[in-house]
Amino acid sequence: MATAPSVSCLPHNAKMSKAKKVLDEAREIQNPELDLFDKNVSTFEEMTGLLNMTYITRLTLSHNAIKSVPPGLANLSNLEIINLANNQIEELPLSLSSMPKLRILNLSINKLYSLPRGFGAFPVLEVLDLTYNNLKEDALPGNFFLMGTLRALYLGDNDFEYLPPEIKNLKNLEILGLRENDLLELPKEIGELTRLKELHLQGNRLTFLPPDLGQLDMSSNKAAFRLEGNKWIPPIADQLQLGISHLQDYLKSETYRITYNRCLTNKPEAPPPFHYLEQNEVFKFNPNPYSNRQLYIYCYQGTPKYVIHVWQSVLLKIDHSTQDYNQFDGNTPEQVQQEYVDQRHSWSINLFAIKSKSIKLNPFNCSCVGIESRDAYSVHLQVIRVDLWRILAASLGVMLFFSAASLSRNTLFHYLCGISFGICASFLILIYLISKLFPRKTLMYGVIGAGWTIVIYFLQIMCDNIKLITSTYQAYVIWYTVITGAISFVLCYRWGPVQNPRTITLIKWTLQLMGLVTIYLSSCFQEAAMGQIILLLLMAGLPKRWLNAPLMYWKKKFPPKVKLLTNEEYYMQGVSETTKALEELRQFCSSPNCNQWKTALKVKDVKRFASFVEGNSHLTDEEILEYETSIQYRPFADEEDSVITSDEGW
């Protein structure tokens, strides 16, 4: 089960000084209640003189790091309340059960795997809290259920699968907490606990209840009967929908007794033990050291699909000290359990099982992972709201889709693809040549005899060897890549880039398809990914005027502000445009499209026109001098009129 470590924010010396201060003050005033909550205490030896303070009646040592309890604690004969919650206690002394006045004992959130023999000999114990430990039914001593004075027993968050029928001896029991265990069945003797007012059974693996529970008064306002989180048979599930009172009436009926006897004879298969992880939860699993490998299933329920979650990722990280564990996947705990059972009952060896310490889960569907191990480990459910890698993949897909036309005609792209293909092809050829060294008949007989599993096993071995070779012989791998890449480049250069238009079109379509597939795989939200793909196809297929229509409407509705030119900008633009127009005219006159004879008949000075076409200026020196002289004697305000007059003179 999971254990919560003690956390402290103060330095060790400060904590010790505070603990000593509390002890000194308690001795000075003879305080019967000693509170050492969260004082960073790890051993009782650090609390000098504590075991001699026989006058104290209440001792609080919760939220520390205590690992063992000394037998001398029983010398504090006046103690009525002991709180040792949230420590690291692994075993208890036998003498603890001999304390004559102890009424309340809190041992929750520790690391108890067993209880000492004779633990049930407490003379006046009324409340016992053992929640959040690692206890099972075989960890309880024989006299555990002989504590006749016990009124409240908390055994939640442990590993109980069954309860002994001796629980009927707890005649004064009013509260029984059994939540978050692995209970498969309840004994019918539980119906003899006539004083029971609270029964917590949520989060177990129960499928049916004993009819004797119907005799208890669990439907009153002061009672608490919690049954959620179990896989009930349909009759019980239907009665629970109506209420606890209806359930109790049904449990007392003769119809249910027949159903109960049938369930005892043909017990339905118990659902597997599992735990639903919350976002960013860290779950620590500590198996029983005296048991074999244990299977525990971790599930993630998923979240609703919203657009803001389009690039969300969920990772299940396994922190295991070794690789000595088995991993099983499924959509439900039942599927994981079935895979686990199939593997255990199969004669085949799972040679190619894939174990990953970082598992990607679907953010929107229920996903479960089962881990079978005999060692302690922890799992961490990490929810990444916006995964930058998914955004990068989607962006690359969009870029590849829109640049497919240019890439399919790009020479550099053709050479890079050819070199990459050549390197991969050379590796396949190398594998083919190596395979020639093996005798064909022997290998074929082995494949036929072992089946396709041996092929996958060899593929896994080959991948592992490739990784080993890549990391160990990096220089050889680099030279191999360089040589094969150079040979591929020579071959590509010999035949040159692709020139066939249809082949180029096929390459473009292939690149566009790869871009769309990349976009689809960039998100687990398939509907949103398909929406992006449809939008891209519409943008690529619709006419440009349709796509530009909203922009044109916007410009028409909100026209941009007109920027007025200065006199200097106006003059420079006039010079630039005039030069450009004259050059276009010169090129047209020199082209075959121009009929020179008709053009020559329309101009006054044919020689001057011919000189202009040959590249000379369209103005004579006298015209330039006359224009510059006239400009100097005109007012600045009449500059626009002078330009117009000059143009008209042309």
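Residues numbered from 1 in each chain as written. Predicted model: local features only at pLDDT ≥ 70, side-chain atom pairs only at ≥ 80, totals over all residues. Heavy atoms only, no water.

Per an unreviewed UniProt entry, the protein chain is named Disease resistance R13L4/SHOC-2-like LRR domain-containing protein, and its organism is Dendroctonus ponderosae. We quote the UniProt Subcellular location (unreviewed entry) comment for the protein chain here in full: "Nucleus inner membrane". (UniProt positions renumbered as here; feature names shortened; annotations may be inferred.)

Student: Which residues make up the overall build of the protein chain, and what are the values?
Tutor: Secondary structure summary: the protein chain contains 19 helices and 17 strands in total. By the burial criterion, 35% of the 650 residues in the protein chain qualify as buried. In the protein chain, the share of contacts with a sequence separation of at least 24, taken over all contacts with a separation of at least 6, comes to 59%. Total accessible area on the protein chain stands at roughly 39,900 Å², and carbon and sulfur atoms take up 60% of it. (Helix = DSSP H or I, 4+ residues; strand = E, 2+ residues; numbered from the N terminus. Buried < 20%, exposed > 50% of the residue type's maximum accessible area, 1.4 Å probe, protein only. Contact = heavy atoms within 4.5 Å. Areas by Shrake-Rupley, 256 points an atom, 1.4 Å probe, with all protein chains shown as cover.)

Student: Provide a residue-level description of the state of the cysteines, including the pertinent values.
Tutor: In the structure shown here, the tally under the stated rule is 1 disulfide. One disulfide in the model links C299 with C368; its S-S distance is 2.1 Å. Taking the sign of the torsion about the S-S bond as the criterion, the disulfide between C299 and C368, at about 110°, is right-handed. Of the two residues, C299 sits in strand β12 (residues 294-300) while C368 sits in strand β16 (residues 367-373), which places them 69 residues apart along the sequence. Of all cysteine sulfurs in the structure, the one in C368 sits closest to C366, which takes part in no disulfide; the separation is 4.2 Å. (Disulfide = S-S within 2.5 Å.)

Student: Tell me what's going on with the packing of aromatic side chains, and back it up with residues and numbers.
Tutor: On inspection of all chains with the given rule, the structure shows 18 aromatic pairs. With a centroid separation of 5.1 Å and an interplanar angle of 85°, the aromatic rings of F144 and F145 are classed as edge-to-face. Of the two residues examined, F144 and F145, each falls in the buried class. Pairing F489 with Y493 gives two aromatic rings, centres 6.2 Å apart and planes at 25°, and the pair type is stacked. Highlighted residues: F489 and Y493, both in helix α11 (residues 474-495), separated by 4 residues, approximately one helical turn. Members of the aromatic cluster, connected to one another through ring pairs, are F283, F285, Y296, Y298 and Y377. Residue placement shows R494 over the ring face of W495; its charged tip is 5.7 Å from the ring centre. Above the ring of F612, the side-chain terminus of R586 is found at 4.4 Å from the ring centroid. (Phe/Tyr/Trp six-rings, centres within 6.5 Å; stacked < 30°, edge-to-face > 60°. Lys NZ or Arg CZ within 6 Å of the ring centre and 35° of its normal.)

Student: With reference to specific residues and values, describe the sheet that holds strand β7 (residues 175-177).
Tutor: Pairing between sheet strands relies on hydrogen bonds along the backbone, with the strands arranged either parallel or antiparallel. Within the open sheet, the 9 strands sit side by side as β1-β2-β3-β4-β5-β6-β7-β8-β9. Their pairing is parallel. Each end of this open sheet is capped by a strand with a single partner; those strands are β1 (33-35) and β9 (224-226). Along the sheet, successive strands turn relative to each other by an average axial angle of 5°, direction set aside. Here strand β5 (residues 127-129) pairs with strand β6 (residues 152-154) via 3 bridges, running parallel. (Pairing = 2+ DSSP bridges. Axes fitted to C-alpha atoms, helices over the stretch in contact; angles between N-to-C directions.)

Student: Please provide a residue-by-residue account of the nonpolar core, values included.
Tutor: Counting residues in hydrophobic clusters, the biggest one holds 75 residues, and the most contacted among them are L105, L128, F144, L201 and L209. Those elements giving two or more residues to this core turn out to be α1 (12-29), α3 (244-251) and α4 (254-265). Ignoring sequence-local partners within four residues, the contact set of L105 consists of I82, L96, F119, F122, L125, V127, L128 and D129. In terms of nonpolar packing, the next biggest core, distinct from the first, is built from 18 residues, F283, Y296, L316 and L361 among them. (Core = buried A, V, L, I, M, F, W, Y, C linked by side-chain atoms within 4.5 Å.)

Student: Can you explain the environment of S358? Please cite residues and give values.
Tutor: Turning to its location among the elements, S358 is positioned in strand β15 (residues 358-361). In this structure S358 comes out as partly exposed when scored by relative accessible area, which is 38%. With 23 residues separating them along the chain, S358 and L381 place their C-alpha atoms 9.8 Å apart. What S358 contacts, discounting residues up to four positions off in sequence, is L315, L316 and K317.

Student: Any details on the packing of helix α6 (residues 388-402) against helix α12 (residues 501-521)? Residues and values, ideally.
Tutor: Direction vectors running N to C along α6 and α12 enclose 160°, while the axes themselves pass 8 Å from each other. Considering their axes alone, α6 and α12 lie roughly antiparallel with respect to each other. Considering the relative orientation of α6 and α12, their crossing is left-handed. Contacts between α6 and α12 involve R390, A393, A394, G397, V398, L400 and F401 from the first element and L511, Q512, M514, G515, L516, T518, I519 and L521 from the second. When grouped by side-chain class, the residues that make up the contact of α6 with α12 number 10 nonpolar, 4 polar and 1 charged. (Parallel < 35°, antiparallel > 145°, perpendicular 65-115°, else oblique. Left-handed = near helix turned anticlockwise from the far one by under 90°. Nonpolar A, V, L, I, M, F, W, Y, C, P; charged D, E, K, R; others polar.)

Student: Requested: an account of the pattern of salt bridges, with residues and values cited.
Tutor: Tallying each qualifying case throughout the model produces 13 salt bridges. Its salt-bridge partner being E126, residue R151 comes within 3.1 Å of it at the nearest N-O pair. Placement of R151 in the loop between β5 and β6 and of E126 in the loop between β4 (104-106) and β5 is noted, with a sequence separation of 25 residues between them. With a relative accessible area of 22%, E126 lands in the partly exposed category. Measuring nitrogen to oxygen at the nearest pair gives 3.8 Å for the salt bridge that ties K171 to E192. Here K171 is found in the loop between β6 and β7, whereas its partner E192 is found in the loop between β7 and β8 (198-200), with 21 residues between them in sequence. Under the relative-accessibility criterion, K171 is labelled partly exposed at 44%. Look at E192 and you get partly exposed, because its relative accessible area is 36%. (Salt bridge = Lys/Arg side-chain N within 4 Å of Asp/Glu carboxyl O.)

Student: Any chance you could break down the sheet that holds strand β14 (residues 326-330) for me, citing the residues and the numbers?
Tutor: With mixed pairing, the 4 strands of this open sheet are ordered in space as β10-β12-β16-β14. Because the sheet does not close on itself, it has two edges, and the strands there are β10 (274-276) and β14. If you compare each strand with its neighbour and ignore which way they point, the axes differ by 20° on average. As judged from the 5 bridges shared by β14 and β16, these two strands associate in the antiparallel manner. Looking at β16, one finds that D329 is bridged to V369.

Student: Tell me about unusual backbone geometry, and please be specific about residues and values.
Tutor: Glycine aside, residues mostly have negative phi angles, and peptide bonds mostly take the trans form. Look at H63: it is not a glycine, yet its phi comes out positive at around 60°. One can find H63 in the loop between β2 (58-60) and β3 (81-83). On the basis of relative accessible area, H63 is assigned to the partly exposed category, the value being 32%. Phi angles above zero are rare outside glycine, and I109 is one such case at about 55°. Of note, I109 is situated in the loop between β4 and β5. Assessed through its relative accessible area of 25%, I109 is described here as partly exposed.

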